[in-house]
Amino acid sequence: VQLQASGGGLVQPGGSLRLSCKATGSIYAINAMAWYRQAPGKQRELVADIGEGGVTNYADFVGGRFVISTDNQNRVHLQMNSLKPEDTGVYYCNAAVVTWPRRDRLDLWGQGTLVTVSS
């Protein structure tokens, strides 16, 4: 079971990007998914997460600019609007997965995708 992220890139301030991350493998259930980021020289921090029933949680710095969502193909998306230079960093997806058939509980991380906000 693994996570594969995509969608990063270079965007101008005020622009938008959509990140996606797909969980693949023998999955029984996904209990929660999240996006974290790590800016140069800083620690990794939570951006947003989504749990059972679609309940979402956002970091204060998001300020209504990002939307996290999931779909029925084991993917989590992060729509990022009104991007700022301080949003630059490597974005990582994270998922709490229960495997099939062993029902092992795994905390998975994707490989990271670079977002650069610059003019």
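You'll find the structure just up there.
What counts, and at which threshold
- Residues numbered from 1 in each chain as written.
- Predicted model: local features only at pLDDT ≥ 70, side-chain atom pairs only at ≥ 80, totals over all residues.
- Heavy atoms only, no water.
- Helix = DSSP H or I, 4+ residues; strand = E, 2+ residues; numbered from the N terminus.
- Rg over C-alpha atoms; globule rule 2.2 N^0.38 Å.
- Contact = heavy atoms within 4.5 Å.
- Areas by Shrake-Rupley, 256 points an atom, 1.4 Å probe, with all protein chains shown as cover.
- Lys, Arg positive; Asp, Glu negative; His and termini not counted.
- Charge placed at Lys NZ, Arg CZ, Asp CG, Glu CD.
- Disulfide = S-S within 2.5 Å.
- Buried < 20%, exposed > 50% of the residue type's maximum accessible area, 1.4 Å probe, protein only.
- Pairing = 2+ DSSP bridges.
- Axes fitted to C-alpha atoms, helices over the stretch in contact; angles between N-to-C directions.
- Salt bridge = Lys/Arg side-chain N within 4 Å of Asp/Glu carboxyl O.
- Core = buried A, V, L, I, M, F, W, Y, C linked by side-chain atoms within 4.5 Å.

Student: Got a minute to help me understand the overall build of the protein chain in this structure?
Tutor: Along the protein chain, the regular secondary structure elements total zero helices and eleven strands. Secondary structure elements in the protein chain, listed N-terminal to C-terminal, are β-β-β-β-β-β-β-β-β-β-β. What you see for the protein chain is a C-alpha radius of gyration of 14 Å, in line with the 14 Å of a compact globule of 119 residues. Viewed in the frame of its principal axes, the protein chain has a C-alpha envelope of about 50 × 25 × 25 Å. Sequence-distant contacts in the protein chain: of pairs separated by 6 or more residues, those separated by 24 or more amount to 56%. Total accessible area on the protein chain stands at roughly 6500 Å², and carbon and sulfur atoms take up 46% of it. The positive charge centre, built from 11 side chains, and the negative charge centre, built from 9, are 5 Å apart in the protein chain.

Student: Would you mind showing me how to read the state of the cysteines here?
Tutor: In a disulfide, the sulfur atoms of two cysteines are held together by a covalent bond. Within this structure, the stated rule accounts for one disulfide. What pairs with C21 in a disulfide is C93, and their sulfur atoms sit 2.0 Å apart. One quick way to see it: the torsion about the S-S bond of C21 and C93 is about 55°, and its sign makes the bridge right-handed. With C21 in strand β3 (residues 17-24) and C93 in strand β9 (residues 89-99), the pair connects residues that are 72 residues apart, well separated along the chain. The class for C21 is buried, based on a relative accessible area of 1%.

Student: Hey, could you run me through the sheet that holds strand β7 (residues 66-70) in this one?
Tutor: The strand order across the open sheet formed by four strands is β1-β3-β8-β7, and the pairing between neighbours is antiparallel. In this open sheet, the two edge strands, each paired with only one partner strand, are β1 (2-6) and β7. Adjacent strand axes in the sheet meet at a mean angle of 15°, parallel and antiparallel pairs treated alike. Pairing of β1 with β3, which is carried by five bridges, proceeds in the antiparallel orientation. Paired with Q4 across the bridge in β3 is K22.

Student: Teacher, can you tell me more about the pattern of salt bridges here?
Tutor: In a structure, side chains of opposite charge can pair up when their charged atoms sit close to one another. Inspection of every chain in the model, using the stated rule, returns five salt bridges. Linking R37 and D87 is a salt bridge whose minimum nitrogen-to-oxygen distance equals 2.8 Å. Linking R37 in strand β4 (residues 27-38) with D87 in the loop between β8 (75-80) and β9, this pair joins segments that are 50 residues apart in sequence. With respect to burial, R37 and D87 carry one shared label: buried.

Student: Whenever I open this one, the nonpolar core confuses me. Can you help?
Tutor: The nonpolar side chains of soluble globular proteins are, as a tendency, buried together. Residues W35, V47, V76, L78, M80 and Y91 are the most contacted members of the largest nonpolar core, which totals 28 residues. Elements with a minimum of two residues in this core: β1, β3, β4, β5 (45-50), β7, β8, β9 and β11 (113-117). Once you skip the residues sitting within four places of it in the chain, L78 turns out to touch L17, R18, L19, W35, V47, A48, F66, V67, I68 and Y91.

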